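Working through the structure, step by step
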Amino acid sequence: MKVYLHVGTEGFTNCYIVVNEKTNEAIIIDLEKVTSQMIEQIESNRFKICAVLITHNHKNHVSGLRTLRKIYTFKTYAADYEVEGEESTVLKGDGLIRLAGMDVEYFSLQGHSSDTLCFKIGSLIFTGDAISAGTIGTTTSFYARQMLMRNLKEKVLSQKDDTVLLPGHGPPTTVGAEKKFNMDL
């Protein structure tokens, strides 16, 4: 597996292209904007985009979907039907799906938003805005913050310390680093 990072210039949102090197199939996680560099990378490497995973339905994580859909055929997976309507496969709760020849675990992390999902592929967790290096996602109330913190502790921080967290914004981190240094926790 290889992971490529593309950063959107409007919301500085991280977009990840996860490639199964054996099959050349790819998954895109969150998509603020389709760039010429992204298309060049996909085309020059002959990646077959088979899925787009959305961590939550905020504009800077989904606004590139319509453009990408004009170029490629793929399935969209999200916890919110409104992401792409009939084009979306709605994921609820926690589960496992197989995409691009890889096992993709997903789990709900409500608190930042009602539709927050994290996706685990191998030893990587794509966290969206639920947790970033040194901070947790914003919430709208004390209750939502407590819910997010409980979900993070149960589902993310319970992973091995060397599990890499790839957030929606900012640099990567690890479970161990967040346990030790995240002041919000």
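Let me sum up the structure you'll find in this document. All values reported here derive from a predicted model rather than from experimental measurement.

Glancing now at helix H1 (residues 36-44). By the burial criterion, the buried members of H1 are Met38, Gln41 and Ile42. Buried residues of H1, viewed axially, fall in a sector of 95°; they line one side. When the buried face of H1 is taken as reference, the exposed residues oriented beyond 90 degrees from it are Ser36, Gln37 and Glu40. Packing partners of the buried residues in H1 comprise strand E1 (2-7), strand E2 (14-20), strand E3 (25-29) and strand E4 (48-53).

This paragraph deals with the pairing of strand E10 (residues 124-128). Of all 5 residues in E10, 5 are buried; the element is thus mostly enclosed. Both faces of E10 are covered, namely the face carrying Leu124, Phe126 and Gly128 and the face carrying Ile125 and Thr127. As paired elements, strand E9 (residues 117-121) and E10 share 3 bridges and run antiparallel to each other. Paired with Phe119 across the two strands is Phe126, which belongs to E10. Counting the residues between successive antiparallel strands, the hairpin from E9 to E10 contains 2 residues, one of them, Gly122, with a positive phi of roughly 60°.

A word on helix H4 (residues 142-156). For H4, with 15 residues, the first-to-last C-alpha span of 20 Å sits near the 21 Å given by 1.5 Å per residue. Where H4 is concerned, the buried positions are Ala144, Met147, Leu148, Met149, Asn151, Leu152, Lys155 and Val156. Elements that come into contact with the buried residues of H4 comprise strand E8 (102-108), strand E11 (131-132), strand E12 (135-136), strand E13 (164-167) and helix H5 (175-181).

It is worth spelling out the sheet that holds E9 at this point. The strand order across the open sheet formed by 6 strands is E7-E8-E9-E10-E13-E14, and the pairing between neighbours is mixed. Sheet topology places strand E7 (95-99) and strand E14 (173-174) at the edges, where each strand pairs with a single neighbour. One ladder, built from 2 bridges, connects E13 with E14; its direction is antiparallel. Each residue of the ladder has a partner; that of Val164, found in E14, is Thr174.

Right, let's talk about unusual backbone geometry for a bit. Despite not being glycine, Asp30 has its phi angle at roughly 60°, a positive value. Secondary-structure assignment places Asp30 in the loop between E3 and H1. Phi at Ala100 is positive, roughly 55°, even though this residue is not glycine. Note on placement: Ala100 falls in the loop between E7 and E8.

About the thresholds
- Residues numbered from 1 in each chain as written.
- Predicted model: local features only at pLDDT ≥ 70, side-chain atom pairs only at ≥ 80, totals over all residues.
- Heavy atoms only, no water.
- Buried < 20%, exposed > 50% of the residue type's maximum accessible area, 1.4 Å probe, protein only.
- Helix = DSSP H or I, 4+ residues; strand = E, 2+ residues; numbered from the N terminus.
- Arc of directions from axis to C-beta.
- Contact = heavy atoms within 4.5 Å.
- Pairing = 2+ DSSP bridges.
- Expected span 1.5 Å × (residues − 1).

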